[in-house]
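So the chains spell out like this:
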Amino acid sequence: MNSTDEQVLRERLHEVIGAFEAGPLPANAVRRRGKTIRTRRRASTVSGAAALAAVVAVATWAQGPGASRRHAPPVASGHSVTLNEPDPGAPGGVFASGTADGKPWKLAVANIAGPAPWCLPAVMLNGHDGDILGAPTPSPLAIGNVAFLTEMPGRPGTGSAFVQVGTGVTRLVATLSGGLRLLVHPVTVSRCGQRFRLAGFAYLEAGATKIVAYSAGQRGITSVFSTPPGIFRLHPYQPGALASGVWDDMEIVGGSDASAVIVSGRTGGTRWHISMTLGGSGQCYAGAAERGNSSGQAQECLPIEAAPRGVALAWVPFPASVSTLTGYAGLVTPRTRYLMARLSDGTTRRLATIDVGGRKYTGLAIGRGTRLVRLTLYDAAGHAFATTTSIPPGK
Amino acid sequence: MDARDQQDFDQFMAGRWPGLVRLAYGLTGDRWLAEDLAQSALASAYAAWWRVSRADDPDAYVRRILINASKRRFRRRRVPESLHELAEFPDTGTADPADRVGDRAALLAALRELPPRQRAIVVLRYWEDLSDAQVAAVLGCSAGTVRSQASRAIAKLRGSTTLLEGNTR
């Protein structure tokens, strides 16, 4: 490397990047998106003395590190959760399990990407509602990401949490709301050529305020995670702000967003595109439109799911002030090569798929007055192998 | 977030938006993705403003969010990225002769041939003009790694016609 090369590169980059003009600042969209992230962290769905009393009955409470573990029976009234002893040899990548109001729950690491060579590890709750795992925690004694799922779907009043820790951490003590403490043992799970050390538990009311990590062979604390103030504070529910089934990841810098534009086009005088972001806010589809001097973006976030057998289609909003388009986007089975969309005006459109992290997505936007009627999926040989007329309604 | 924090964030956002979009453009070569990455980074900063605003270097913090998001996107994305938008939607407000569009696209394409970390180092070092220590802080590596990776990146780019053309211009 010599200084001439460096100088030339500097000049060329300034020419190319410097000539690029950013579009207008989407200040409202940034705030909305930020509020969605923040609101999810603050959202809490269960409160009250009954739930707090029920939390006392939760299994495996600890008085401190090394305390004996036990299972408590569900209480007669209110909600209850239990936590099973971790089984390092459990099949299917399960690292935590138990019951919530008598119904089983389990946390497991699964590959949510398509067939090999793709692999995208995610923590799944009962096979659904995924949270993409970042790289294994580099420091052996550290706590990495901590994630909360405010309400377990189908198990109202109970939440779930998992913690990613370094290889040297042998036990954790989570202090829950009300000061009760829970002893949890991490388990090592291998997926996608990586080894993740994870611990999980269920909780009532409002999650954990502090998680302390300990290592073997020493009584001392190796790492402490304190839940930032306000995250679980009760606040008025804002419709649309909380996507049920989306995890709250506490580690922002290590966020695991994967973004891609999955389809774009021009309809009338409107330039538009639909993008997909897979990460800390769940599975988010955003419709962006630009017409004249007006532009905007609207977004819909859903829980992260594994690849479906057919297509998991979602309605995608576009900014009403700019566009009257209706958007659809979705995850399709890896077998899909292309799709044919039948519209209510009798026309058909061929839809391409795009690979993002080994997951296949498709999308389309249609003008006002037209509806999507049917989607048919084709494989590489051109054979139709699935069709659906179950189209999500717009809002 | 109280009114004061809101005001501080709004000022931060307005001041950083063009720079973040350009940084993301250098990393992706794609207008839409650049704006989406910048928006995503600022939204994350908004959500954790109490933490970002107290950071020693909030700019480094937000750059790190953006670069992490970008790296993960490249790691997971297999489809070849298209540079058509450069020709289809030339940048506005800039006198940009048509014969330069392909030249610019070639430089961005050469950048995209680099591994994500080398690409980030090149853009941070030669576009953002950050010091090795600052780049290291953003990427979470040592200054020595920054220097060695920059050297490798330059060696790769030296082989591309883009850099040579720039050298002879």
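Everything quoted here is computed from the prediction, not taken from an experiment.

Cut-offs applied
- Residues numbered from 1 in each chain as written.
- Chains lettered and ligands numbered in written order.
- Predicted model: local features only at pLDDT ≥ 70, side-chain atom pairs only at ≥ 80, totals over all residues.
- Helix = DSSP H or I, 4+ residues; strand = E, 2+ residues; numbered from the N terminus.
- Buried ≥ 20, exposed ≤ 12 C-beta atoms within 10 Å, placed from the backbone.
- Pairing = 2+ DSSP bridges.
- Axes fitted to C-alpha atoms, helices over the stretch in contact; angles between N-to-C directions.
- Core = buried A, V, L, I, M, F, W, Y, C linked by C-beta atoms within 7 Å.
- Domains from an automatic or database assignment.
- Contact = placed C-beta atoms within 7 Å.

Chemist: I would appreciate a short explanation of unusual backbone geometry in the present structure.
Modeler: Excluding glycine, most residues fall at negative phi; most peptide bonds, likewise, are trans. Phi at A:Asn126 takes a positive value of approximately 55 degrees, unusual for a residue other than glycine. Residue position: A:Asn126 is located in the loop between strand E4 (121-125) and strand E5 (128-132). On the basis of neighbour counts, which here come to 18 C-beta atoms within 10 Å, the residue A:Asn126 falls in the partly exposed class. Backbone geometry at B:Asp129 places phi at a positive 60 degrees, although glycine is not the residue there. Its location among the elements puts B:Asp129 in the loop between helix H7 (116-127) and helix H8 (132-139).

Chemist: Help me understand the pairing of E4(A), please; the structure alone is not making it clear to me.
Modeler: For a regular strand, side-chain orientation follows a simple rule: the groups alternate between the two sheet faces. Residues and elements named next belong to chain A. Extensive coverage of E4 is indicated by the burial of 5 of its 5 residues. Burial along E4 is two-sided: the residues Pro121, Val123 and Leu125 and Ala122 and Met124 are all buried. Two strands pair when backbone bridges link them, and strand E3 (residues 103-111) and E4 are joined in this way by 5 bridges, in the antiparallel orientation. Across the sheet, residue Asn111 finds its bridge partner in E4, namely Pro121. Strand direction decides the pairing type here: E4 and E5, joined by 4 bridges, are antiparallel. Within E5, the residue paired with Val123 across the bridge is Asp131.

Chemist: What is the right way to look at the sheet that holds strand E24 (residues 359-366) of chain A in this model?
Modeler: As a general point, the strands of a sheet are linked pairwise by backbone hydrogen bonds and lie either parallel or antiparallel. Residues and elements named next belong to chain A. Ordered by their spatial adjacency, 4 strands build an open sheet running E19-E20-E24-E23, and the pairing between neighbours is antiparallel. A strand with exactly one partner marks an edge of an open sheet, and here the two such strands are strand E19 (311-316) and strand E23 (354-356). Ignoring strand direction, the axes of neighbouring strands in this sheet form an average angle of 30 degrees. By the bridge criterion, 3 bridges tie E23 to E24 in an arrangement that is antiparallel. Its bridge partner being in E24, Val356 is matched across the sheet by Arg359.

Chemist: For this particular structure, what's the right way to read the nonpolar core?
Modeler: General note: in soluble globular proteins, nonpolar side chains tend to be found buried as a group. A:Val163, A:Leu172, B:Leu20, B:Ala24, B:Ala38, B:Ala41 and B:Leu66 are the most contacted members of the largest nonpolar core, which has 147 residues in total. With 10 residues, helix H2 (residues 31-47) of chain B is the largest single contributor of residues to this core. Structurally, this core is a two-domain feature, drawing no fewer than three residues from each of domain 1 (39-249) and domain 2 (258-388) of chain A. For B:Ala41, the residues in contact, after removing those within four places along its chain, are B:Leu20, B:Val62, B:Ile65, B:Leu66 and B:Ala69.

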